[in-house]
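Results of the structural survey
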Amino acid sequence: MYIEILGSAAGGGFPQWNCNCANCHALRSGIFHGKPRTQTQLAISIDRRSWILLNASPDLRLQIESSSFLHPEDGLRNSPIAGVLLTSGDIDQIAGLLSLRELQPFRVYCTPSIRRILQEDNSAFAMLSRVPRQVSWTEIHPGQNFSLLDTTGNDSGICASVFSLGSRYPAYVSKQRANQLCGEDALLGVILQASGQTLAYLPAVPAIDDALLHRLQSADLLLFDGTFWSDDELIKVQGGGATAREMGHVPVSGADGSLRKLASLDRPRKIFIHINNTNPMLDEAGPEYREVRDAGWEIAEDGTRFEL
Ligand SMILES: [Zn+2]
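Now for a look at the structure at hand. None of the values given here were measured: they were computed from a predicted structure. (Residues numbered from 1 in each chain as written. Predicted model: local features only at pLDDT ≥ 70, side-chain atom pairs only at ≥ 80, totals over all residues. Heavy atoms only, no water.)

Describing the packing of aromatic side chains
What counts here: For this analysis, a ring pair means two rings from Phe, Tyr or Trp (six-membered ring only for Trp) whose centres lie within 6.5 Å, classed as stacked if their planes differ by under 30 degrees, edge-to-face if by over 60, and tilted for the remaining angles. Starting at the N terminus, helices and strands are each numbered in turn, a helix being any DSSP run of H or I of at least four residues and a strand any DSSP run of E of at least two. The buried label goes to any residue with under 20% of its type's maximum accessible area, the exposed label to any with over 50%, and the partly exposed label to all in between, with areas taken from a 1.4 Å probe on protein chains only.
Following the criterion strictly, the structure yields 5 aromatic pairs and no others. Where F14 meets F32, the ring centres are 5.4 Å apart and the plane angle is 75 degrees; that geometry is what we call edge-to-face. Residue F14 is found in the loop between β1 (2-7) and α1 (22-29), and its partner F32 is found in the loop between α1 and β2 (41-45); the two are separated by 18 residues along the sequence. When the ring of Y109 is compared with that of F146, the centres are 5.8 Å apart and the planes differ by 25 degrees; the resulting orientation is stacked. Residue Y109 is located in strand β5 (residues 106-110), and its partner F146 is located in strand β7 (residues 145-149); the two are separated by 37 residues in the primary sequence. The residues Y109 and F146 share a single accessibility class, namely buried.

With respect to the coordination of the zinc ion
The condition that has to hold: The donor set comprises N, O and S atoms within 2.8 Å of the metal, extended to 3.2 Å for Na, K and Ca; water molecules are omitted, so apparent gaps in a site may simply reflect that omission. Irregular is the label for any site that misses the other tests, which are tetrahedral for four donors with all angles between 85 and 135 degrees, and square planar for four donors or octahedral for six when opposite donors exceed 155 degrees and the remaining angles lie between 65 and 115.
On the protein side, the zinc ion has C19 (SG), C21 (SG), C24 (SG) and N277 (OD1) as donor atoms, found 2.2 to 2.3 Å from it. Seen from the zinc ion, its 4 donor atoms lie at angles of 102 to 119 degrees, and the figure they make is tetrahedral. In primary sequence terms, the donor set of the zinc ion follows C-x1-C-x2-C-x252-N.

Focus: the layout of surface pockets
Any space left empty among the atoms is revealed by the rolling of a water-sized probe across them. The condition that has to hold: In this analysis the probe radius is 1.4 Å and the grid spacing 1 Å, with only protein atoms considered; a cavity is a set of points the probe fits into but cannot get out of, a pocket is an open set with protein on both sides within 12 Å along at least five of seven lines, and lining residues have an atom within 4 Å of a point. Grid points are joined across faces, edges and corners, and a volume is the space filled by probe spheres set on the points. Each residue is assigned to one class: nonpolar for Ala, Val, Leu, Ile, Met, Phe, Trp, Tyr, Cys and Pro, charged for Asp, Glu, Lys and Arg, and polar for all the others, Gly among them.
The calculated volume of the largest pocket comes to roughly 900 Å³. For the lining of the largest pocket, the elements supplying multiple residues, two or more each, are α3 (91-94) and α7 (233-238). For the lining of the largest pocket, a count of residues per class yields 18 nonpolar, 17 polar and 5 charged. Contributing to the lining of the second largest pocket are 18 residues, with N78, S79, S99, L100 and E102 lying nearest its centre. In terms of residues, the lining of the second largest pocket owes the most to one element, helix α2 (residues 60-65), which gives 3 residues. Taken together, the residues of the lining of the second largest pocket break down into 8 nonpolar, 5 polar and 5 charged.

Following this line, the structure appears as structure tokens:
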């Protein structure tokens with residue numbers, strides 16, 4: 001299984017257009033010891049001819065253009081992108097779908113509730129269903145195993161299983177609407193298996209319990225929520241707002257943070273992804289970066305590729 005990290009930042013990217021935090025300011029000034037990042041985006045494949053996207057970031061058009069393996073090859077209109085698997089309805093996971101509206105057939109895998117939010121509540125997504133067999137919506141359910149299909153509609157060789165990680169819907173979904181939806185459809189973790197190798201992909205994790213630890217221990221490669229370093233990170237930067245946990249992200253540091261909670265996982269290669277621009281571990285000259293690397297973790301970068 002080939003895994004390409006096309007983007008590794010949280011929503012907003014790094015730098016974020018309206019942010020002048022210490023990281024964004026230093027990066028724009030050319031004095032930052034670290035790398036810019038586009039919003040989190042993965043592409044996976046067995047044969048490097050047919051690709052599945054994990055979510056669809058707002059930066060997707062540029063991410064496709066900077067990845068030659070995702071370019072059209074045969075005929076006037078063509079794409080090696082077979083489908084998109086959605087883990088939530090967050091803007092930074094779905095906005096890129098609107099950049100794939102040029103009548104190219106592909107498949108979207110999502111929970112029934114996410115499909116209803118996109119198709120019934122947000123009319124702009126009707127652009128994906130203008131002609132028959134444009135986007136094939138495939139409903140997936142937590143606890144279910146299913147095959148990801150390639151561009152010809154055949155089994156790609158990648159088996160997916162998804163599980164619920166939380167019941168919070170994005171802020172653009174009204175409370176009234178959220179009450180009509182299934183809570184366990186809101187946020188998914190993904191396990192992908194091919195040729196006996198396992199990738200666990202969890203870009204947003206609200207809490208870590210023993211069941212989750214047990215699930216992750218069998219992974220060969222773990223890409224895990226690295227959004228915030230500390231629970232009060234945004235409050236310290238902005239002078240107010242929500243905590244990391246209130247936003248649905250376990251922070252990296254602290255007694256209940258992911259570094260300590262996942263320290264016992266000794267099988268998977270562990271990599272933080274979906275990193276917010278305010279996160280001090282982006283600074284490769286700083287103590288937070290050193291702490292993460294000393295704990296055996298890596299920090300995802302745009303353009304990194306893995307072969308499992
Ligand atoms: Zn910033």
